[in-house]
Amino acid sequence: MNNHTDHLDDNETENGYIKIDRYNEGKIASVAHHYSDILTQLGEDPSREGLIKTPERVAKALQYLTHGYDLDPAAILKGAMFKEDYSQMVVVKDIEVFSMCEHHMLPFFGKAHVAYIPNGHIVGLSKIPRIVDAFARRLQVQERLTNEIRDCIQETLNPAGVAVVIECKHLCMAMRGIQKQNSVTTTSAFTGEFAKDKTRAEFLRLITANLH
């Protein structure tokens, strides 16, 4: 993220790995101040022991959960494009998705399945999950998220077709409102060759097949 100050967050270490989070300290302080007021409005005492650091923790969490605003998904793809004479379907399935509903700022999470048919260029496979994350780490609705992933791949790689299917559970449905804990929302978006029934059916067969 832009203008970040690097520091160790709670000195978290695990198996020799040190987790380093980058934060914009000015934004953290501003958001934390507002969350202290919110806690008061909710009837809590932000000065009590269990809540003293809560505003700052929430501010850091929100900045991480929305860090996709500082990422350029197209640049991520362009950084690993390669000329290749391959014209069969490339599928990356079961990509973990974690995002925040823009209506209630509650999480939704699940899996994304992405495919494209190269047209002179392929992209490093790790970049597909990265652009999913770049768009998901923003305030979102699942429908727009699906289209943004599709459009980014189509416009950047210019493949013969792109397919995206996302399956998610939404906590705004599970925790409030209708309170249906087991419902799953599925969205899809297709371009080019995937508009054809045969190609789309092959993609759907591959993402539902157990190939292990």
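Reading the values: the criteria
Residues numbered from 1 in each chain as written. Predicted model: local features only at pLDDT ≥ 70, side-chain atom pairs only at ≥ 80, totals over all residues. Heavy atoms only, no water. UniProt positions renumbered as here; feature names shortened; annotations may be inferred. Helix = DSSP H or I, 4+ residues; strand = E, 2+ residues; numbered from the N terminus. Expected span 1.5 Å × (residues − 1). Buried < 20%, exposed > 50% of the residue type's maximum accessible area, 1.4 Å probe, protein only. Phe/Tyr/Trp six-rings, centres within 6.5 Å; stacked < 30°, edge-to-face > 60°. Lys NZ or Arg CZ within 6 Å of the ring centre and 35° of its normal.

- The name given to the protein chain in an unreviewed UniProt entry is GTP cyclohydrolase 1, and the organism recorded there is Pedobacter caeni.
- As recorded by UniProt, the Sequence similarities (unreviewed entry) comment attached to the protein chain reads in full: "Belongs to the GTP cyclohydrolase I family."

## What about helix α5 (residues 142–157)?
Residues that lie three or four places apart on an α-helix share one face, since the helix turns once every 3.6 residues.
So, step 1. The end-to-end C-alpha distance of α5, which contains 16 residues, comes to 23 Å, matching closely the 22 Å that a straight helix rising 1.5 Å per residue would cover.
So, step 2. All buried positions along α5 are accounted for by Gln142, Leu145, Thr146, Ile149, Arg150, Cys152, Ile153, Gln154, Thr156 and Leu157.
So, step 3. Looking one or two residues past α5, Asn158 carries a phi angle of roughly 50°, positive in sign.

## Focus: the packing of aromatic side chains
So, step 1. Scanning the entire structure with this criterion turns up 2 aromatic pairs.
So, step 2. Measuring from centroid to centroid gives 6.4 Å for Phe190 and Phe203, while their planes differ by 80°, and the two rings are edge-to-face. Linking Phe190 in strand β9 (residues 185–190) with Phe203 in helix α7 (residues 197–208), this pair joins segments that are 13 residues apart in sequence.
So, step 3. An aromatic cluster is present here, built from Phe190, Phe194 and Phe203 joined pairwise through their rings.
So, step 4. Across from the ring centre of Phe190, 5.5 Å away, lies the NZ or CZ of Arg200, which sits over that ring.

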